[in-house]
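One-letter residues, chain by chain:
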Amino acid sequence: GDSVTQMEGPVTLSEEAFLTINCTYTATGYPSLFWYVQYPGEGLQLLLKATKADDKGSNKGFEATYRKETTSFHLEKGSVQVSDSAVYFCALSDPYTGNQFYFGTGTSLTVIP
Amino acid sequence: DAGVTQSPTHLIKTRGQQVTLRCSPKSGHDTVSWYQQALGQGPQFIFQYYEEEERQRGNFPDRFSGHQFPNYSSELNVNALLLGDSALYLCASSLPGLAGDEQFFGPGTRLTVL
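Along each chain, the written sequence defines residue order, and numbers are assigned to residues from 1. Chains and ligands are labelled by the order in which they are written, letters from A for the one and numbers from 1 for the other. Local features are withheld for residues below a pLDDT of 70 in this predicted model, meaning they are given only at 70 or higher, and side-chain atom pairs are given and counted only at 80 or more; totals for whole chains, interfaces and linings count all residues. Neither water nor hydrogens contribute to the side-chain values; these are computed over all heavy atoms in the structure.

**Things to note about the layout of surface pockets**
Moving on, step 1. In this model, the largest pocket occupies a volume close to 420 Å³.
Moving on, step 2. The rule is simple: put a 1 Å grid over the protein atoms alone, call a set of points where a 1.4 Å probe fits but cannot get out a cavity, call an open set with protein on both sides within 12 Å along at least five of seven lines a pocket, and count a residue as lining if it has an atom within 4 Å of a point. What lines the largest pocket is a set of 25 residues, among which Gln38 and Gly41 of chain A together with Gln37, Leu88 and Arg110 of chain B lie closest to the centre.
Moving on, step 3. Numbering of helices and strands runs from the N terminus; a helix is a DSSP stretch of H or I covering at least four residues, while a strand is a stretch of E covering at least two. Looking at the lining of the largest pocket, the elements that each hand over two or more residues are strand E10 (86-94) and strand E12 (107-112) of chain A together with strand E11 (109-113) of chain B.
Moving on, step 4. Of all the elements, E10 of chain A adds the most residues to the lining of the largest pocket, at three residues.
Moving on, step 5. Note that Gly is not counted as nonpolar here; it falls among the polar residues with everything else outside the nonpolar set of Ala, Val, Leu, Ile, Met, Phe, Trp, Tyr, Cys and Pro and the charged set of Asp, Glu, Lys and Arg. Each residue belonging to the lining of the largest pocket can be placed in one class, and the counts come to ten nonpolar, 13 polar and two charged. Grid points are joined across faces, edges and corners, and a volume is the space filled by probe spheres set on the points.

What follows is the structure, encoded as structure tokens:
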């Protein structure tokens, strides 16, 4: 079945450090891939998405590239800020399974000044 | 433009009781999905409603049931509550099943079962 595997946290970085959060997936069909972010006490917000192989999603300095050959969608940011502290979820939506969403377990990021 | 709203924010119940959670989708959306997010875990898909019918269901027992109303709002009902049902319940709305469409999430209802 479909699934998403995410790098385990928690991750603690100093401000302006480089961030990578690894995500790999297994899917029956040709999924769309997403990164969602959850700030404390809030629901999930879409950060970025990519709908086909080699697409790059980007938003607020974050980027992720849909790599079909490695079934990966790693999240990167060149210079993190304290305000980026949150939990990040990788997810997929597979039309083969009716576009049901599958989420990873989440990676907690704390950025210290 | 109101986003996805959920009520109540928090709920405390005891084992064996029944609970109903409510969700209003984002304006223009007619598809509602429900997720259970246990502490420290990612959301797990419960089911999805479209045109007032359950269209898909995840791996949850029949104690979990739902309903969608003509105005697209939705309810999640859980019967015979267990301690393990304690979680954040998230509602998400979307357009009906187009590839690549994102889901918009509400803030969730925190259910505690004692």
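**Some words on the pattern of salt bridges**
A side chain with one charge can pair with a side chain of the opposite charge if their charged atoms come near.
Residues and elements named next belong to chain B.
Moving on, step 1. Salt bridges, as used here, are contacts in which a Lys or Arg side-chain nitrogen is within 4 Å of a carboxyl oxygen on Asp or Glu. Going through the model one piece at a time under the given rule, you end up with six salt bridges over all chains.
Moving on, step 2. Note that arginine 63 and aspartate 85 form a salt bridge whose closest N and O atoms lie 2.9 Å from each other. Placement of the pair is arginine 63 in the loop between strand E6 (53-57) and strand E7 (64-68) and aspartate 85 in the loop between strand E8 (74-78) and strand E9 (87-94), with a sequence separation of 22 residues. Considered together, arginine 63 and aspartate 85 belong to a single accessibility category, that of buried residues. Any residue under 20% of the maximum accessible area for its type is buried, any over 50% is exposed, and the rest in between are partly exposed; the area is computed with a 1.4 Å probe on protein chains only.

**Let's talk about the state of the cysteines**
Residues and elements named next belong to chain A.
Moving on, step 1. Two cysteine sulfurs form what is called a disulfide whenever their separation falls within 2.5 Å. Under the counting rule described, the total for this entry stands at two disulfides over all chains.
Moving on, step 2. Residue cysteine 23 pairs covalently with cysteine 90 via a disulfide, S to S 1.9 Å. Taking the sign of the S-S torsion, about -65 degrees here, the bridge from cysteine 23 to cysteine 90 comes out left-handed. Here cysteine 90 lies in strand E10 and cysteine 23 lies in strand E4 (residues 23-26), a separation of 67 residues in the sequence.

**Some points on the interface of chain B and chain A**
Moving on, step 1. Residue contacts follow a heavy-atom distance rule, with two residues in contact if any of their heavy atoms lie within 4.5 Å. Between chain B and chain A, the residue contacts involve 20 residues of the former and 19 residues of the latter.
Moving on, step 2. In short, buried area is how much 1.4 Å probe accessible area vanishes from two parts on joining, totalled over both. Taking both sides of the interface into account, the surface hidden between chain B and chain A amounts to around 1500 Å²; carbon and sulfur atoms contribute 50%.
Moving on, step 3. Run the count over chain B and chain A and you get zero salt bridges.
Moving on, step 4. Between N or O atoms, a polar contact is any pair within 3.5 Å; within protein, one atom must be a potential hydrogen donor and the other a potential acceptor, and residues adjacent in sequence are included only when both atoms are from side chains. At the junction of chain B and chain A, the tally comes to two residue pairs in polar contact (both at pLDDT 80 or more).
Moving on, step 5. Elements with a contribution of two residues or more to the side of chain B that touches chain A: strand E4 (31-37) and E9 of chain B.
Moving on, step 6. Here the residues of the side of chain B that touches chain A are counted per class, giving nine nonpolar, nine polar and two charged.

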